[in-house]
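# Structure assessment
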Amino acid sequence: MIIKVAWRNIWRNKRRTLITAASVFFAVFFGLIMRSIQIGTFGNITDNLVSSYSGHLQIHKKGYSDEKILNNSFNSDKSLINKLKTLKHVKYVVPRLESFALASSGEQTKGCFVTGISPDEENSMTKLSEKLTSGKYLLKNDKGALIGDKLASFLKIGINDTIVLIGQGYHSVSAAGKYPVRGILHFPSPKLNSSLAYISLKEARKLYSAENKLTGIAVLLDSDKNTSSIKAEIKNIINLNEYEVRDWGEIMPELKELIQSKSVSSYVMLGLLYMIVGFGMLGTIIMMIAERKKEFGLLVSVGMKKTKLALTVFTETVFLGFTGLLAGFIVSLPIILYYSVHPIYLGGKIAEMYEKNGFEPVILFSSDTGYIIAQFIIVFIILIVASVYPVIKILNLNPVKAVRD
Amino acid sequence: MNIIETKNLHKTYKESEIEVHAVRGVDLSFEQGEFTAIVGPSGSGKTTLLNMIGGLDKPTEGEIIIDGINISTLKGSKLIDFRLRKIGFVFQAYNLIPVLTAKENVEFIMNLQKRPKKERIKRAEDLLKAVGLGDRMNARPSKLSGGQQQRVAVARALASKPMFILADEPTANLDSESTRNLLEIMETLNKEENITFIFSTHDTRVVNKARRIITIDDGKVLSDEKK
């Protein structure tokens, strides 16, 4: 009977019920879509950067993060690499030797970031070969180079032209080498396109006179969720006096800060949205209580216990909110699920803007259950809190006064 | 045997800082099967007296004994439960639950008493037939006339098998025909089933039907006549 009365009561004032339910619906809908896009898009950006370059974790010689110079390189240790490969959740372990050099061709010269790579291992993690727009990928001990397309056009060179790299090697030895361009790469970020050059690890060591040296080992995990736990595990197996291990947030602090600041702003937005909904609900409930005060008084007069009446009205308000809450989920979830599989690729100026900031111009929805459940719980708590008001009012009801008023 | 007794009943309340003596030392008793009208002008204290007898309001002084129990000592859910089992109420403004049909409104009280569903349905149907609404059982209050709504209210008051029914100005909002119908129904129930009715009213049509008339004014009993 309580459920029947409560359900019918919420439809006594259809317009008001629909407006209140609609406010909950829109808050849930926009809240879910907003978080989904934010988590999906930033997750995608993070995954792209992590899997295309940094990895989730990197191991360096202690002090390298403060001063990224070749003198802070370390001797390649096969047993360490093998230990890392055996760790749970580790997908790829990629050794690198990185430094700066001047890239030159003809009369053009430009500073660039040279990465010595083990071509096969690098490709398995970063899928570097997929970024080739022309030419071929490097072979194991290849003597050629891969360069970003903007760097190539600045130097006015193409496939099989020669690029000269000049710089400072290990212990300040002068470094110089010439390399035929094997392939041209294109990255989503213009900054990377104009500053990256890849040569094989063997050639990099030769160029920088850094025999058997590495500046870092990148580690890619199966999921970002495991970054903290694997970082702690790696700390246990390396000599912390000799090495340091950093996660992608420490390697790319600007990205981490950007994600955090966007998350904070979205929490503020969500907070405001839900506050409005909470007060909207409360407004409806206060109106409903005021209108039905006499009715409540009479029900208590004829013998309905206040607790039972409070339960009926509590059920009503929960129904009212749940109608909007469920509608919000029913409408938004298929949209989220669809776009999590079919990302929206941006075009035109918006795409350019994304690329300029180094992001892939795509909007991806996240279907992660964590934030969906969290939103459900938040709205549910708001509904329960709003429903407490009539319960308190009814428990303090004076039936005679209520009837007389 | 008396089923209701009031002893030296007083009720004082404050209205805008002014003390109002609504009831001043009322001593009354009622027997099973009475058909009593409490009459008096507006503000004479009849509704306050009825509210106290119905356990809705507490006396400032004095006792109300119903079925041997001093109801002034009952509190909270015990008092609500006492009302549910012993007293039936009929209000001036009908006050049915608007979202329930006539039958569901009558059933509602029995539902609060946790009576079995079969019994509830049968009794609700019997009572609605008894008040002449056998063909309007599934209509909601908004689809019923004032007189019909008040008849449902009487059926609802009877549903809990109360010891007596308190009716506060039951005919105040009804036209002549509805009033006549309602009074006939209540009189029949009183005579045939020995149900006790106590009205507060200033409607002469009700007063004419009553077999006992208590006149109060300024919170005091002026006269108590039996026909």
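Here we summarise the structure given alongside this text.

What counts, and at which threshold
- Residues numbered from 1 in each chain as written.
- Chains lettered and ligands numbered in written order.
- Predicted model: local features only at pLDDT ≥ 70, side-chain atom pairs only at ≥ 80, totals over all residues.
- Heavy atoms only, no water.
- Helix = DSSP H or I, 4+ residues; strand = E, 2+ residues; numbered from the N terminus.
- Rg over C-alpha atoms; globule rule 2.2 N^0.38 Å.
- Buried < 20%, exposed > 50% of the residue type's maximum accessible area, 1.4 Å probe, protein only.
- Contact = heavy atoms within 4.5 Å.
- Areas by Shrake-Rupley, 256 points an atom, 1.4 Å probe, with all protein chains shown as cover.
- Lys, Arg positive; Asp, Glu negative; His and termini not counted.
- Charge placed at Lys NZ, Arg CZ, Asp CG, Glu CD.
- Pairing = 2+ DSSP bridges.

What follows concerns the overall build of chain A. Of the regular secondary structure elements, chain A holds 15 helices and 14 strands. Its C-alpha radius of gyration of 31 Å places chain A more than 25% over the 22 Å reference for a compact globule of 405 residues. Principal-axis analysis of the C-alpha atoms gives chain A an extent of 100 × 50 × 30 Å. The 405 residues of chain A split such that 48% are buried. In chain A, 78% of the contacts between residues at least 6 apart in sequence involve partners at least 24 apart. Accessible area of chain A: about 19,400 Å², with a carbon and sulfur share of 61%. Placing the 48 positive and 32 negative side-chain charges of chain A at their respective mean positions leaves the two points 11 Å apart.

In this section: the pairing of strand β2 (residues 18–31) of chain B. Sheet faces and side chains relate simply in a regular strand, where the side chains alternate between the two faces. Residues and elements named next belong to chain B. Sheet topology note: the strand β1 (residues 2–15)/β2 ladder contains eleven bridges and is antiparallel. From the neighbouring strand, Thr12 faces β2, where its bridge partner is His21. Taken together, β1 and the strand that follows it, β2, pair antiparallel across an intervening segment of two residues, in which Ser16 is found at a positive phi of about 50°.

What follows concerns the sheet that holds β2(B). The four strands lie next to each other as β2-β1-β4-β5 (chain B), forming an open sheet whose pairing is antiparallel. For this open sheet the edge positions go to β2 and β5 (69–70) of chain B, each flanked by a neighbour on one side alone.

Right, let's get into the pairing of strand β3 (residues 90–105) of chain A. All names here are of chain A. Among the 16 residues of β3, twelve are classified as buried, and the element is accordingly described as predominantly covered. Here β3 pairs with strand β11 (residues 216–221) via six bridges, running antiparallel. From the neighbouring strand, Arg96 faces β11, where its bridge partner is Gly216. As paired strands, β3 and strand β4 (residues 108–117) are joined by ten bridges and run antiparallel to one another. Pairing of Glu98 across the sheet is with Thr115, part of β4.

This part covers the environment of Leu333(A). Residues and elements named next belong to chain A. Within the secondary structure, Leu333 is located in helix α12 (residues 306–341). You can call Leu333 partly exposed: its relative accessible area is 26%. The sequence separation of Leu333 and Gln260 amounts to 73 residues, and the corresponding C-alpha distance is 25 Å.

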